[in-house]
Structure formats: C-alpha cells, structure tokens
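A look at the structure
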Amino acid sequence: MSQALSIGGQRVSGAEVRQQNVTAVLSIANIVKSSLGPVGLDKMLVDDIGDVTISNDGATILKLLEVQHPAAKVLVELAQQQDREVGDGTTSVVIIAAELLRRANELVKNKIHPTTIITGYRLASKEAVKFIVEQMTTKVDSLGRECLINVAKTSMSSKIIGSDSEFFSNLVVDSILAVKSTNDKGESKYPIKAVNILKAHGRGVRESMLIKGYALNCTVASQAMKTKVQNAKIACLDINLQKARMHLGVNIVIDDPDQLEEIRQREIKITTERIQKILASGANVVLTTKGIDDLCLKLFVEAGAMAVRRCKKEDLKRIARATGATLISTLANMEGDETFEASYLGHAEEVVQERISDDECILVKGTKAHSSASLILRGANDYMLDEMERSIHDCLSAVKRTLESNTVVPGGGCVEAALSIYLENFATTLASREQLAIAEFASALLVIPKTLAVNAAKDSTDLIAKLRAYHNAAQSPNADETKKLLKWYGLDLINGVVRDNLKFGVLEPAMSKVKSLKAATEAAIALLRIDDMIKIDPEPQQEDPHGH
C-alpha cells in the first residue's frame with residue numbers, strides 16, 4: 001500500500017514494494033538476457049549527445065543505461081562488481097540475481113516469510129559453492145596451455161571476435177604469460193594493466209598483433225633525434241619543459257630596457273638548467289606528459305637523447321612501473337633546490353620508434369622491473385575496435401583468473417544444471433521450511449541454460465530436459481564410472497545437442513562461477529529484505545518574485 005507521509009513524501013510498503021522491485025529488476029535482466037552466450041545478440045546504445053556504443057558486455061550495457069530505480073541500481077552495481085572482481089560473466093550474474101528475486105517473490109505471495117527464504121538462499125549458496133569446488137572443478141596443470149586457450153575461446157565465443165577465436169585466444173594467452181611476475185612470497189601475479197591495448201584503424205581484424213614491450217602512441221619530439229636508443233635510461237616526467245613564463249599577476253617594474261632582455265634570457269635559462277640536470281643524471285630517453293619547447297629540443301638533440309612530449313599520464317605511470325622509474329612532477333627537493341637523481345631513472349633494453357600500420361609508435365622493449373606486452377588491435381571502425389577492446393579485456397581477465405586460481409569448470413550451462421539437480425536432492429533432505437527456498441534456488445539456476453538455448457533459437461525445454469537427465473544419472477548414488485562422466489555434459493549451442501564440454505574445451509575459470517553465485521545471492525537477498533520504501537519529495541523551487 002502506498003500512503004502520503006506527513007513529512008512530504010511517499011511511503012510504499014509490503015507486497016507492493018516487493019512487486020515494484022521485482023518488476024524493475026526483471027526489466028533490467030530482460031535487457032541483457034538476449035546477449036548471453038555464444039549466439040547472443042549485441043545492443044546498440046545511443047546516449048544523450050548521440051554517441052553510439054555497440055556492445056555485448058553486460059556491465060557496459062548496464063553502465064550506459066543510466067538506471068533511475070533504486071532496486072535496479074543494485075543490479076547495475078552487481079554487474080560492475082563482477083566486472084572488477086572477475087572481468088567476465090557479468091550478464092549471467094544479473095540474470096541469476098533477477099531470477100532468484102522473482103522466485104522469492106512468488107514464495108512470499110504463498111505466505112512464506114522473507115527471513116525463511118533468505119536463510120534458505122544462504123544455505124543453498126553455501127552448498128552450491130562447496131559442490132562446485134569439490135565436484136565440478138578440474139586442475140589446470142593436468143590440462144596445460146591448451147586449457148588456457150580454451151578458457152579464452154569460451155570467453156570470446158559470445159563476443160564480436162568469436163569467429164576468430166583461434167587467432168585471438170593465442171594472442172591473449174601469449175600476452176598474459178608475457179606479463180607474469182612473481183612476488184616475494186613466490187606467488188605468480190598476472191597484472192592485466194601491464195598489457196597495453198592500442199587501437200588502429202584499417203586492415204583486417206586478423207592483422208592485430210602482439211608486441212613484446214610497451215607501445216606508446218606518440219612520436220619523438222624532433223626529426224633530428226635518434227629513433228633508437230639501446231640500454232635506455234628513461235626519465236618519466238610530469239613537468240612542463242617549455243620556457244618558464246612569469247605567473248599571471250606578477251608585475252616587475254624595471255627602469256632600464258636592457259634588464260628586459262636579461263629577464264628573457266633568465267626565463268630561457270631556467271628551463272635549460274632543468275634539462276641539463278636531467279641529462280647529467282645519464283638519462284637518454286625523456287618522456288613527459290607536458291610540452292617541450294623547440295628551443296629546448298636542441299639540447300636533447302645535441303646530447304643524443306630521445307625526447308617524447310605529450311604522453312598520456314596513465315601510460316607513463318605504467319612505463320614507470322615496468323621500468324622501475326619514478327614519475328617526477330617537480331624537480332624541487334626538501335632544501336628547495338632543483339635536483340634530478342639517477343635513482344629516478346628506469347631501465348629498458350631498447351626504446352625504438354617503429355611504424356605500425358599508419359602510425360608511428362614508440363616501443364619500450366625489455367623493461368627491467370616488470371615485463372610488459374602490448375596488443376595492437378586492427379579493425380574497420382571505432383565501434384568495432386571499442387567492442388574488441390572490451391572483449392579482449394574480458395578474455396584477459398578470464399585467463400588471469402584461471403592462472404591464479406588454477407581451476408576450471410566446464411561451461412555451456414553444465415555447472416548450473418548439475419547444481420540444480422544437487423540442490424533439489426539436498427532440499428529434500430531438510431525437514432524445515434527452508435527446503436522450499438532451496439528448491440526454488442535450484443530451479444532458478446536453470447535460467448542460464450534455458451536462456452542460452454533460447455538465444456540459440458533451439459528448443460530449450462527439450463535440451464534442458466536431456467541435460468537434467470544426464471546430470472541426474474551422474475549424481476545418482478549407484479552411478480558407475482561411465483555414468484559419473486556425464487557430469488561434464490553441457491550444451492553445444494551451434495548444433496543444438498548435449499555434449500561433454502570438458503572434452504570439447506568449453507571451459508570457464510571456477511572462481512568466476514563461484515563469485516557470480518555468491519554475488520547474485522547477496523544481491524537478491526539485499527533486495528528481498530526490503531519491505532518499505534520511503535521516498536522524500538524534492539523541495540519545490542522557490543519562484544523568483546521578479547519573474548527572472
């Protein structure tokens with residue numbers, strides 16, 4: 001029921017607020033539903049100033065929707081959290097959360113208290129995670145590099161680059177292995193940020209390439225400079241190396257016109273002294289985010305150093321990290337003098353300017369502190385390149401998670417179907433009310449294989465029935481060895497049949513599944529808890545008495 005409040009606002013409570021939340025959440029899930037899976041479709045989003053984004057990535061779509069409803073916002077944040085944590089599986093997490101909420105709402109209508117449902121969902125989620133970890137996972141070590149390529153292919157299958165997955169999966173796996181670093185504890189880390197992605201128009205998609213080293217989309221500041229420096233000592237600056245000008249509002253009163261010339265000379269000298277300090281420290285490559293005067297370029301050319309101006313700050317931060325340099329924003333030290341020490345320099349085997357496609361790029365190769373890799377993507381137009389970049393980012397994340405957690409699960413609705421059977425059986429062992437909530441949780445998981453089949457224009461009822469029969473046989477107490485192998489069965493959506501997805505290499509990182517289940521359950525529970533919504537009316541704008 002909804003009633004006006006004495007404090008100037010609306011209060012909606014009870015069944016009505018639940019119904020509103022469920023409707024809002026379902027409308028969000030329905031938007032991304034058709035983009036799930038290897039035959040999912042793309043969405044075209046046009047914003048208020050007419051910028052077009054064509055995407056298949058759940059998190060990107062929801063971010064651009066600018067959702068107003070508070071309950072729907074929870075789902076948008078859920079997709080973004082999944083994107084940050086895992087990088088892939090953003091669409092499925094939203095769909096599961098919405099389905100859980102819809103079913104919970106049905107239970108509440110049947111006079112089951114929300115607290116009971118919440119307890120049941122929590123229990124089901126816990127059991128599901130335990131089941132995935134104990135029953136469905138396979139160690140990566142036993143599958144080798146092939147496994148990583150399959151994970152990348154599975155992640156790509158629903159994206160724009162799915163048709164060239166063979167080519168791109170190799171690029172992705174090579175680039176993530178190229179940036180491997182080991183910390184003091186001996187753990188391997190694969191920082192995705194160390195893979196720089198550059199986009200260049202023209203040529204075919206398959207002419208994208210991987211370059212060992214960090215590629216900068218800039219050129220040297222002057223044609224007279226060297227375009228190749230071996231054993232580079234790199235200074236990363238965030239300083240303007242242009243002629244020092246007087247600050248605004250500074251007045252100088254002079255009584256002799258000759259002094260004007262001296263002031264000009266001093267202005268020039270300030271910058272040349274700075275540059276000489278930097279060069280004296282042994283730097284032979286200088287990268288700065290700001291400008292360098294033509295006057296000052298002469299000093300670099302004479303010293304045989306390479307200078308690059310107007311680099312992006314985030315590029316410089318990454319280069320500084322990869323080469324062991326320090327990004328300097330001022331030369332002043334504690335005493336107030338200007339100094340530049342050799343310890344601020346980063347080291348790389350060579351810095352070279354190469355022509356890649358139509359652009360000149362600067363490549364930093366053989367970085368000392370961390371290794372780095374760059375992917376140069378080629379494509380027909382901006383929309384395609386942006387979508388390719390998002391797809392590559394998802395794949396890199398999926399491969400990274402696989403390498404760090406070292407376990408994979410079969411994809412194609414296999415895990416969801418197995419969990420659904422397992423949780424249904426588990427629900428019947430409980431003699432409390434929670435059994436209803438757990439049974440609903442089990443059926444809610446089937447929304448993933450169902451949506452996959454519907455998107456592929458296949459008969460979902462038929463396929464899901466087969467899939468469930470296989471998983472039921474695999475989990476029956478007296479199953480023999482051949483029957484137990486049926487637990488790896490999932491959907492093959494191109495041919496519309498059920499097959500052993502572990503054998504066919506449809507794999508996903510186990511962590512992605514576990515995290516998405518936990519996150520979806522948490523989000524559904526958070527929305528289910530709400531039984532009252534109070535909305536304060538905005539203050540009325542006071543009218544201007546003068547009629548302005």
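Residues numbered from 1 in each chain as written. Predicted model: local features only at pLDDT ≥ 70, side-chain atom pairs only at ≥ 80, totals over all residues. Heavy atoms only, no water.

As for the overall build of the chain
For clarity, the cut-off: Think of it this way: any DSSP run of H or I at least four residues long counts as a helix, any run of E at least two long counts as a strand, and we number them from the N terminus. Contacts are residue-level and defined by heavy atoms, with any inter-residue pair within 4.5 Å sufficient. Using the Shrake-Rupley algorithm and a 1.4 Å probe, accessible areas are obtained, with residue cover drawn only from the displayed protein chains. When charges are counted, Lys and Arg are positive and Asp and Glu negative, with His and the chain ends excluded. Every charge is mapped to an atom, namely NZ of Lys, CZ of Arg, CG of Asp or CD of Glu.
A tally of regular secondary structure across the chain gives 17 helices and 22 strands. The C-alpha extent of the chain, read off along each of the three principal axes, is 95 × 75 × 45 Å. Put simply, 72% of the contacts in the chain that link residues at least 6 apart link residues at least 24 apart. Accessible surface, the chain: about 26800 Å² in total, of which carbon and sulfur atoms supply 50%. Computed over 67 positive and 70 negative side-chain charges, the separation of the two mean positions in the chain equals 5 Å.

Considerations on the packing of aromatic side chains
We apply this condition: In this scheme Phe, Tyr and Trp rings, the latter by its six-membered ring, pair at centre separations within 6.5 Å, and the angle between planes marks the pair as stacked below 30 degrees, edge-to-face above 60, and tilted otherwise. Whether a residue is buried, partly exposed or exposed follows from its accessible area with a 1.4 Å probe, protein chains only, as a fraction of its type maximum: under 20%, in between, or over 50%, in that order.
What the rule picks out here adds up to 5 aromatic pairs. For the pair Tyr-422 and Phe-426, a centre-to-centre distance of 6.5 Å together with 15° between the ring planes defines the contact as stacked. Of this pair, Tyr-422 and Phe-426 are both found in helix 12 (residues 414–428), 4 residues apart, which corresponds to roughly one turn of the helix. Look at Tyr-422 and you get partly exposed, because its relative accessible area is 23%. Using a relative accessible area of 16% as the deciding quantity, one classes Phe-426 as buried. Here Tyr-470 and Tyr-489 contribute two aromatic rings whose centre-to-centre distance is 5.1 Å and whose plane-to-plane angle is 80°, an arrangement assigned as edge-to-face.

With respect to the pattern of salt bridges
What counts, and what does not: Within this document, salt bridges are pairs made up of a side-chain nitrogen of Lys or Arg and a carboxyl oxygen of Asp or Glu, the two lying within 4 Å of each other.
Counted under the stated rule, the structure contains 20 salt bridges. Residues Arg-102 and Glu-99 are paired through a salt bridge, measuring 2.8 Å at the closest nitrogen-oxygen approach. Taken together, the positions of Arg-102 and Glu-99, both in helix 4 (residues 90–109) and 3 residues apart, correspond to about one turn of that helix. Among the salt bridges present, the one from Lys-513 reaches Glu-508, with a minimum N-O distance of 3.1 Å. For the residue pair Lys-513 and Glu-508, the accessibility class agrees, reading buried in each case. Look at the salt bridges and you will find they share partners, linking Glu-99, Arg-102, Arg-103 and Glu-440 into a network.

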